[in-house]
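Per-entry structural report
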Amino acid sequence: MDAIDLLKRYLEQPLKEGAFFDPAETVPLEGVVPGQWQVAVVDDKGRVERIPYELCFLVALRDALRRREIWVVGRIGGAPRRTTCPPTSKISEMCTTRLWGSRRTRASSSPN
């Protein structure tokens, strides 16, 4: 979630080729940037380049959605069909709400 907050802060700033995050920023790399991408994301001076970081973030987000660690509120099909996320999930505290019966059926959504 820290990565989302970071990207929101930089949303309005123009992105130039080779643009880096501010050195004073704490850029979360663990869980976002895979080991083989570290060289492409972090340069030899320790600066984090925005474009490869954002690509890694999008891949990590896609993977978390596929594993159902996170979900999009209001998406078609409702929330995941379990009461909690797996205990190994880093965001399991966000998934403690009961979700059974949250999915609308076709019959209940039709205007009769």
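What counts and how
Residues numbered from 1 in each chain as written. Predicted model: local features only at pLDDT ≥ 70, side-chain atom pairs only at ≥ 80, totals over all residues. Heavy atoms only, no water. Phe/Tyr/Trp six-rings, centres within 6.5 Å; stacked < 30°, edge-to-face > 60°. Helix = DSSP H or I, 4+ residues; strand = E, 2+ residues; numbered from the N terminus. Buried < 20%, exposed > 50% of the residue type's maximum accessible area, 1.4 Å probe, protein only. Lys NZ or Arg CZ within 6 Å of the ring centre and 35° of its normal. Expected span 1.5 Å × (residues − 1). Arc of directions from axis to C-beta. Contact = heavy atoms within 4.5 Å. Axes fitted to C-alpha atoms, helices over the stretch in contact; angles between N-to-C directions. Parallel < 35°, antiparallel > 145°, perpendicular 65-115°, else oblique. Left-handed = near helix turned anticlockwise from the far one by under 90°. Nonpolar A, V, L, I, M, F, W, Y, C, P; charged D, E, K, R; others polar.

**Observations concerning the packing of aromatic side chains**
- Tallied over the full model, the rule gives 2 aromatic pairs.
- Aromatic side chains tyrosine 10 and phenylalanine 21 sit 4.8 Å apart centroid to centroid with 90° between the ring planes, which places their arrangement in the edge-to-face category. Here tyrosine 10 is found in the loop between α1 (2-9) and α2 (38-41), whereas its partner phenylalanine 21 is found in the loop between α1 and α2, with 11 residues between them in sequence. Phenylalanine 21 carries the same exposure label as tyrosine 10, and that label is buried.
- Consider the rings of phenylalanine 21 and tyrosine 53, whose centres lie 5.4 Å apart with planes at 85°: the pair is edge-to-face. One end of the pair, phenylalanine 21, is in the loop between α1 and α2; the other, tyrosine 53, is in helix α3 (residues 50-66), and 32 residues separate them in sequence.
- Over the ring of phenylalanine 20 we find arginine 47; its NZ or CZ atom is 3.9 Å from the centre of that ring.

**Quick look at α3**
- The end-to-end C-alpha distance of α3, which contains 17 residues, comes to 24 Å, matching closely the 24 Å that a straight helix rising 1.5 Å per residue would cover.
- Within α3, the full set of buried residues consists of Arg50, Pro52, Tyr53, Cys56, Phe57, Ala60 and Ala64. Considered in projection along α3, the buried side chains sweep an arc of 165° and stay on one side of the axis. Facing away from the buried side of α3, by more than 90 degrees, are the exposed residues Leu58 and Arg66.

**What about the environment of alanine 19?**
- Note that alanine 19 resides in the loop between α1 and α2.
- Look at alanine 19 and you get buried, because its relative accessible area is 15%.
- The spatial distance from the C-alpha of alanine 19 to the C-alpha of glutamate 49 is 5.9 Å, given a sequence separation of 30 residues.
- If we ignore the near neighbours within four places in the chain, the residues touching alanine 19 are Val48, Glu49 and Arg50.

**Here we look at the packing of α1 against α3**
- Relative to each other, α1 and α3 sit at 135°, their axes nearing to 11 Å. When the axes of α1 and α3 are compared, the pair comes out oblique. The two elements α1 and α3 cross, and the hand of that crossing is left-handed. Across the interface between the two elements, Ala3, Ile4, Leu6 and Leu7 of α1 pack against Tyr53, Glu54 and Phe57 of α3.
- Across the contact of α1 with α3, the residue classes break down as 6 nonpolar, no polar and 1 charged.

Structural measurements only, silent on function.
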